[in-house]
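Geometric and topological summary
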Amino acid sequence: MSKLSIKNHLYLLIMSFLTWGFFVLVGLPDYYQSWSYEARVLIVILVSVLYVPLTPFLLKKMFPNKEYFKNSLWLAFYLTVPLFTYDAIFIGIIGGEGLKFIPKYWILTFFYFSFWLQFPLIALLMEKNLEEENKPSKFK
């Protein structure tokens, strides 16, 4: 993966914590467990769709080197591993659920995996578009 500065690592870590905090607040009072199944499916779809335009924005804003695929792995890392860790502490340890929270809170678990697919795929499309833009035109 691309080398990141300490500043970028800290920024990504803070962003992951704020993202997690936002999801905790939205999921109140019981972190999505009182929501209907349909509402939980809807939030999974909405967040997934939201990250389609947000991913290119974040990759361009945070990583000016245009190594989008490599950088998407950092983005996936920071939006999954720390969030899993926060959830494991918040739900697993403090809430007393242990690792049983993983299937019970499937709405969270979905994103631990989906971002590892979604972000790199979007990044590959960005790199392909970049190559197309830099290709010499036949009609000059």
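Nothing here was measured: the structure is a model prediction, and the numbers come from that model. (Residues numbered from 1 in each chain as written. Predicted model: local features only at pLDDT ≥ 70, side-chain atom pairs only at ≥ 80, totals over all residues. Heavy atoms only, no water.)

What follows concerns the pattern of salt bridges. A full pass over the atoms with the stated rule returns 1 salt bridge. Note that Glu97 is salt-bridged to Lys104, the shortest N-O span being 3.0 Å. (Salt bridge = Lys/Arg side-chain N within 4 Å of Asp/Glu carboxyl O.)

This brings us to the packing of helix α1 (residues 6-26) against helix α4 (residues 81-94). Interaxial distance between α1 and α4 falls to 9 Å at its minimum, and their mutual angle equals 50 degrees. Relative to α4, the element α1 is oriented oblique. Crossing of α1 against α4: the hand is right-handed. Contacts between α1 and α4 pair Leu13, Ser16, Phe17, Thr19, Trp20 and Val24 from the former with Pro82, Leu83, Tyr86, Asp87 and Phe90 from the latter. Classifying every residue of the contact of α1 with α4 gives 8 nonpolar, 2 polar and 1 charged. (Axes fitted to C-alpha atoms, helices over the stretch in contact; angles between N-to-C directions. Helix = DSSP H or I, 4+ residues; strand = E, 2+ residues; numbered from the N terminus. Parallel < 35°, antiparallel > 145°, perpendicular 65-115°, else oblique. Left-handed = near helix turned anticlockwise from the far one by under 90°. Contact = heavy atoms within 4.5 Å. Nonpolar A, V, L, I, M, F, W, Y, C, P; charged D, E, K, R; others polar.)

The next subject is the nonpolar core. Counting 38 residues, the largest nonpolar core has Leu12, Tyr31, Leu75 and Leu108 as the members making the most contacts within it. Those elements that place two or more of their residues in this core are α1, α2 (37-62), α3 (68-78), α4 and α6 (106-134). Top element by residues in this core is α6. It accounts for 10 residues. (Core = buried A, V, L, I, M, F, W, Y, C linked by side-chain atoms within 4.5 Å. Buried < 20%, exposed > 50% of the residue type's maximum accessible area, 1.4 Å probe, protein only.)

With that out of the way, let us pick up the packing of α2 against α6. It is at 10 Å that the axes of α2 and α6 come closest, and there the two elements cross at 35 degrees. Relative to α6, the crossing made by α2 is right-handed. Its residues placed into classes, the contact of α2 with α6 shows 18 nonpolar, 3 polar and 2 charged.

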